[in-house]
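Breakdown of the fold
Spelled out from the first residue to the last, the chains are:
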Amino acid sequence: MDETFLMNKTTFQLLAEYNLWATRRLVQHLENISEADFHQDAGLYFKSIAGTLNHLLLGEHTLWYARFKQGISPILSLETILHTEKQPLLNDLVQKSHNWIDFVHGLDETKLTGNLNYQRASGAQMCLPYAATLLHVFNHGTHHRGQVTAAMTALGYECPELDLVYMLAEQHQA
């Protein structure tokens, strides 16, 4: 199946809006988590909620955004810690999520049928379908936000409902 048939600029505008909405909702609930719980090993791939959110910030905003927006490929470990303190990390996640909305809004839709060329952290050169790779960025965020909500639940905290349909319902009511 041709992924460009299903993926157009409008689809990515929706995904960018959802990414910001879900990040904001998650951050609001993370404000209630103690520093100790935020940093404790919760059995996640990147260990803690803090480690997972650092990975999300690194992947989504430092690596992928630079690849798409600036055509550069920073060489950083996927386990790089950008923030050791909770509040700066949460603030940065929300602030940088706005970048994707602006990026997609200004996107030349013809790029969606092309390829994205970039360099992996290992140095390997990559050439992948542009639209499918951009879809990966938003899917990656959804995946890691889900891990964080699972950890929050396991630690006894209330976590937000992050399903896309909840955002759509909010928009429909407004």
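Residues numbered from 1 in each chain as written. Predicted model: local features only at pLDDT ≥ 70, side-chain atom pairs only at ≥ 80, totals over all residues. Heavy atoms only, no water.

For the pair helix H5 (residues 86-105) and helix H6 (residues 130-154), interaxial distance at closest approach is 13 Å and the crossing angle is 160°. With respect to H6, the element H5 is oriented roughly antiparallel. The two elements H5 and H6 meet at a crossing, and its hand is left-handed. In contact with Trp-100, Phe-103 and Val-104 of H5, H6 contributes Tyr-130, Leu-134, Val-137 and Phe-138. (Axes fitted to C-alpha atoms, helices over the stretch in contact; angles between N-to-C directions. Helix = DSSP H or I, 4+ residues; strand = E, 2+ residues; numbered from the N terminus. Parallel < 35°, antiparallel > 145°, perpendicular 65-115°, else oblique. Left-handed = near helix turned anticlockwise from the far one by under 90°. Contact = heavy atoms within 4.5 Å.)

A separate point is the pairing of strand E2 (residues 125-129). Here 5 bridges tie strand E1 (residues 115-119) to E2, and the two strands are oriented antiparallel to one another. Within the sheet, the bridge partner assigned to Tyr-118 lies in E2 and is Met-126. In sequence, E1 turns back onto E2 through a hairpin of 5 residues, with Gly-123 there showing a positive phi of about 100°. (Pairing = 2+ DSSP bridges.)

This paragraph deals with the layout of surface pockets. By volume, the largest pocket is sized at about 290 Å³. What lines the largest pocket is a set of 13 residues, among which Leu-63, Trp-64, Arg-67, Leu-78 and Arg-120 lie closest to the centre. Put simply, the parts of the chain that give the lining of the largest pocket at least two residues each are helix H4 (49-70) and H6. With 5 residues, H4 is the single largest residue contributor to the lining of the largest pocket. Taken together, the residues of the lining of the largest pocket break down into 6 nonpolar, 5 polar and 2 charged. (1 Å grid on protein atoms, 1.4 Å probe; cavity = no way out; pocket = protein on both sides within 12 Å on 5 of 7 lines; lining within 4 Å. Points joined across faces, edges and corners; volume = space filled by probe spheres on them. Nonpolar A, V, L, I, M, F, W, Y, C, P; charged D, E, K, R; others polar.)

With that settled, consider the side chain of His-29. Tracing the backbone shows His-29 in helix H2 (residues 9-30). Exposure remark for His-29: the relative accessible area of 18% places this residue in the buried category. Here Arg-25 takes part through its backbone oxygen, which lies 3.2 Å from a polar atom of the side chain of His-29. Non-local contacts of His-29, meaning those with residues more than four positions away in its chain, are made with Met-152, Glu-158, Cys-159 and Pro-160. (Buried < 20%, exposed > 50% of the residue type's maximum accessible area, 1.4 Å probe, protein only. Polar contact = N/O pair within 3.5 Å; in protein donor to acceptor, adjacent residues only side chain to side chain.)

Our next topic: the packing of aromatic side chains. Summed over the entire model, instances satisfying the criterion amount to 11 aromatic pairs. One aromatic cluster in this structure is built from Trp-64, Tyr-65, Phe-68, Trp-100, Phe-103, Tyr-118, Tyr-130 and Phe-138. (Phe/Tyr/Trp six-rings, centres within 6.5 Å; stacked < 30°, edge-to-face > 60°.)

With that settled, consider the side chain of Arg-67. Following the sequence through the fold, Arg-67 ends up in helix H4. Comment: no salt bridge for buried Arg-67; closest opposite-charge side chain is Glu-60, at 12 Å. Setting aside chain neighbours within four positions, we find Arg-67 in contact with Ile-72, Ser-73, Leu-116, Tyr-118, Gln-119, Arg-120 and Ala-121. (Lys, Arg positive; Asp, Glu negative; His and termini not counted. Salt bridge = Lys/Arg side-chain N within 4 Å of Asp/Glu carboxyl O.)

The next thing to look at is a nonpolar patch on the surface. On the surface, a cluster of nonpolar side chains totalling about 270 Å² of accessible area is made up of Val-165, Tyr-166 and Leu-168. Inspection of the secondary structure puts Tyr-166 in helix H7 (residues 164-173). Judged by relative accessible area, which is 40%, Tyr-166 ranks as partly exposed. (Patch = residues over 30% accessible without salt bridge, like charges linked within 9 Å, V, L, I, M, F, W, Y side chains within 5 Å. Areas by Shrake-Rupley, 256 points an atom, 1.4 Å probe, with all protein chains shown as cover.)

The next subject is H4. Of all the bends in H4, the largest measures some 35° and sits at Trp-64. In terms of burial, H4 is largely enclosed, as 19 of its 22 residues are buried. (Bend = angle between axes of the 7 residues up to and from the residue.)

Where H2 contacts H7, the axes come no closer than 10 Å and their chain directions differ by 100°. By the criterion of interaxial angle, the relationship of H2 to H7 is roughly perpendicular. Here H2 contributes Leu-14, Glu-17, Tyr-18, Trp-21 and Arg-25 to the contact with H7, which in turn contributes Leu-164, Tyr-166, Met-167, Leu-168, Glu-170 and Gln-171. The class makeup of the residues in the contact of H2 with H7 is 7 nonpolar, 1 polar and 3 charged.

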